[in-house]
Amino acid sequence: TLLELNNWDLVIYLFIYLFLLTSNFSSESSQTTPYGPHSQAATGPGGAAPAGPASSSSSSSYSGSPSCPVLPSRHIVERQPRMLHFRVEYRQRSVEVVLEDIFQSVKDSTTLLRTLHLPKNNSLYVLTPDITPSASTSQNSALQETLNQNFLLVITHREAQRDYNLHFPGTKTIQEVKRNVSDLTNIPVRHQQWDGWPASASDDSMTLAASGISFPCHHLSVCRRSSPANAQEQTEECTDVHMVSDSEGDDFEDASEFGVDEAEIFGMGSSGCRKSPMMPENCENEGEALLHFTSEFSTRYGDCHPVFFIGSLEAASQEAFYGKARDRKLLAIYLHNDESVLSNVFCSQMMCAESIVSYLSQNFTTWAWDVTKEANKARLLTMCTRHFGSVVAQTIRTYKTDQFPLLLIVMGKRTSNEVLNVIQGNTTVDELMMRLMGAMEIFTAQQQEDIKDEDEREAREMVKREQDEAYRLSLEADRKKREAQEREEAEQVRLEQIRKEQEEEREAIRLSLEQALPPEPSEEGGEPISKLRIRTPSGEFLERRFLGGCKLQVLFDFVASKGYPSDEFKLLTTFPRRNITQLEPASTLLEAKLFPQETLFLEARE
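The name an unreviewed UniProt entry gives the protein is UBX domain-containing protein, with Denticeps clupeoides as the organism.

Structure representation (structure tokens):
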């Protein structure tokens, strides 16, 4: 019965038989249990869980057969058990099993499946636990992953009541963050009082990844210490203040303690430690001026900065606006002013941010100019008036020194160039990126229209070129055909001329031979006469009398005078067949046995 119920699958039969054997079904147990014989099967003999299908998931009979084991129905139970269908999946294999709800759970051998209130159809997934890696390997992997992450530090300057959203890689140290904040807040590192660093961030040389700060965003606050530590001696060398300070960046003390003006710290004072200019004054060659600007920019702020176009503003405009529509870009004009307190912050924090550098490099042609010197500023205004009109030049004039640096976003149009945006120095990385992306959206919409117009124009030009090419090929074919016809006609004329000349020559030879023939002898003469009858290839017959002593050459001349020269035709006898033209022309007709009469025929030579 078990084999019939399970389609004669021997593996499933043995599986169920062993289950029934271990469950110890008996008629005595059916009388003592409230649920019939199946209640004993729930716990097995002695309360032990039977080795049922749910606890034998690793056996070959369980995982190897895709069939559904079906147990025989019991007619002696007081309550008919529910049949639960289980689909067990392990990797790419699946097995379907049908069990009664009186079986015990695999997870808890004392719990019946009936008490779990399972639905009729269930899905089970067998998972193989992975090997737990060693603690050091796991920690190193997690640390390496954290080092590759970017952290957003929301730093609140409590005194100024201003928030800074700064992005730093996980490799950045706490000391470097404090130096950057020192440049933004004008609070020396030694005088900074922080709130929000985790307890694990006990060493300023720790990286952000190892400090234990929250990812992706962590909030901090900073203010100036109310009672700063004893001031160190004033530094003898004058060092530029950048967003990323050098190793002695924390040695800067409060400027007010030494009587030093703020402007002097930011490179604006008149002391002897003034910075070298970004661009030489009155430089005649714009390319050389841009090379000097790029070199000085790299010296001050590092090599991670936008690629500045080396050349004139006109050349940069040509590069950005006047190529193919798909290759055009926006023109970003960076105007630097060393006298502005925002220049160092904007250059180091904005222009050197990897996201800004990457976005500018991909979508913009970046051109730069230094307007610190009045001569260079006047030259810039002249160039802007020439290329963009007086409105742009007047707009630049309206900006004050403390509003610099400026980033002008210019888009080229069919008729004129348009300034989409003027970004001032008092901005953040996120705001700068948003404004660049906004300009890029406007440019992309215009570029799509330009690409469509250019494609249509190229399609029209392609059709015109194809038509012109087809017309040229047609003319060429007609010319070749006409030349071939002319050559053919000329060849026909030449051949006709040759043919006529040959005919005239043959006719002249024939006439000369005809005139050189001796007169035909009469039959009444006493001399022996040979009468010859010659059949031509056309079927006509030539008849003539010759003297018996006449030579064969006279016969050949006679035949040639009729248009059958001996070099083209053979003169043959009928029977026996002989080729007379092969005989000696000096032989007589008598010697050739062509006497008294003979019938000959002409045959063309092969």
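Trainee: What should I look at first to understand the packing of helix 17 (residues 429-516) against helix 18 (residues 552-561) in this one?
Mentor: Axes are the key here: two packed helices are described by the angle between their axes and the distance separating the axes. Taken N-terminus to C-terminus, the directions of helix 17 and helix 18 make an angle of 135°; their axes are 8 Å apart at the nearest point. Between helix 17 and helix 18, the angle falls in the class oblique. For helix 17 against helix 18, the interelement crossing comes out left-handed. Counted together, Arg 510, Leu 513 and Glu 514 of helix 17 and Asp 557, Ala 560 and Ser 561 of helix 18 form the full contact between these two elements. Here the contact of helix 17 with helix 18 is composed, by residue class, of two nonpolar, one polar and three charged.

Trainee: Explanation requested: the packing of helix 12 (residues 313-321) against helix 15 (residues 374-388) in the structure shown.
Mentor: Viewed as axis vectors pointing N to C, helix 12 and helix 15 meet at an angle of 35°, and their least axial separation amounts to 10 Å. Two packed elements cross with a definite hand, and for helix 12 against helix 15 that hand is right-handed. Of the residues in helix 15, those touching helix 12 at Leu 313, Glu 314 and Ser 317 are Met 383, Cys 384, His 387 and Phe 388. Taken together, the residues of the contact of helix 12 with helix 15 break down into four nonpolar, two polar and one charged.

Trainee: For this particular structure, what's the right way to read the nonpolar core?
Mentor: Within soluble globular proteins, side chains that are nonpolar tend to cluster in buried spots. The biggest cluster of nonpolar side chains holds 58 residues, and the ones touching the most others in it are Phe 297, Leu 331, Trp 367, Trp 369 and Leu 436. Among the elements that take part in this core, helix 17 stands out by supplying seven residues, more than any other. With sequence-adjacent residues up to four places away left out, Trp 369 is seen in contact with Met 279, Glu 286, Ala 289, Leu 290, Phe 293, Tyr 334, Leu 335, His 336, Asn 376, Arg 379, Leu 380 and Met 383. Leu 571, Ile 580, Leu 594 and Leu 600 belong to the second-largest nonpolar core, a separate cluster that totals 21 residues.

Trainee: Sorry if this is basic, but what is going on with a nonpolar patch on the surface here?
Mentor: On the surface, a cluster of nonpolar side chains totalling about 320 Å² of accessible area is made up of Tyr 17, Leu 18 and Leu 21. As for its position among the elements, Tyr 17 is in helix 2 (residues 10-23). By relative accessible area, Tyr 17 is classed as partly exposed at 41%.

Trainee: What should I look at first to understand the environment of Lys 570 in this one?
Mentor: Along the chain, Lys 570 turns up in strand 14 (residues 569-573). Setting aside residues no more than four positions away along its own chain, Lys 570 makes contact with Asn 579, Thr 581, Phe 601, Leu 602, Glu 603, Ala 604 and Arg 605.

Trainee: What is the right way to look at unusual backbone geometry in this model?
Mentor: For residues other than glycine, phi is negative in most cases, and the peptide bonds are mostly trans. Cis rather than trans, the peptide bond between Phe 215 and Pro 216 has omega equal to 5°. Note the cis peptide between Phe 575 and Pro 576, where omega equals -10°. Locating Pro 576 in the fold gives a position in the loop between strand 14 and strand 15 (597-604). With a phi angle near 55°, Trp 8 is a residue other than glycine that sits in the positive phi range. Structurally, Trp 8 can be placed in the loop between helix 1 (2-5) and helix 2. Of the residues examined, Trp 8 reaches a relative accessible area of 61% and is grouped as exposed.

What counts, and where the lines are drawn
Residues numbered from 1 in each chain as written. Predicted model: local features only at pLDDT ≥ 70, side-chain atom pairs only at ≥ 80, totals over all residues. Heavy atoms only, no water. Axes fitted to C-alpha atoms, helices over the stretch in contact; angles between N-to-C directions. Helix = DSSP H or I, 4+ residues; strand = E, 2+ residues; numbered from the N terminus. Parallel < 35°, antiparallel > 145°, perpendicular 65-115°, else oblique. Left-handed = near helix turned anticlockwise from the far one by under 90°. Contact = heavy atoms within 4.5 Å. Nonpolar A, V, L, I, M, F, W, Y, C, P; charged D, E, K, R; others polar. Core = buried A, V, L, I, M, F, W, Y, C linked by side-chain atoms within 4.5 Å. Buried < 20%, exposed > 50% of the residue type's maximum accessible area, 1.4 Å probe, protein only. Patch = residues over 30% accessible without salt bridge, like charges linked within 9 Å, V, L, I, M, F, W, Y side chains within 5 Å. Areas by Shrake-Rupley, 256 points an atom, 1.4 Å probe, with all protein chains shown as cover. Salt bridge = Lys/Arg side-chain N within 4 Å of Asp/Glu carboxyl O.

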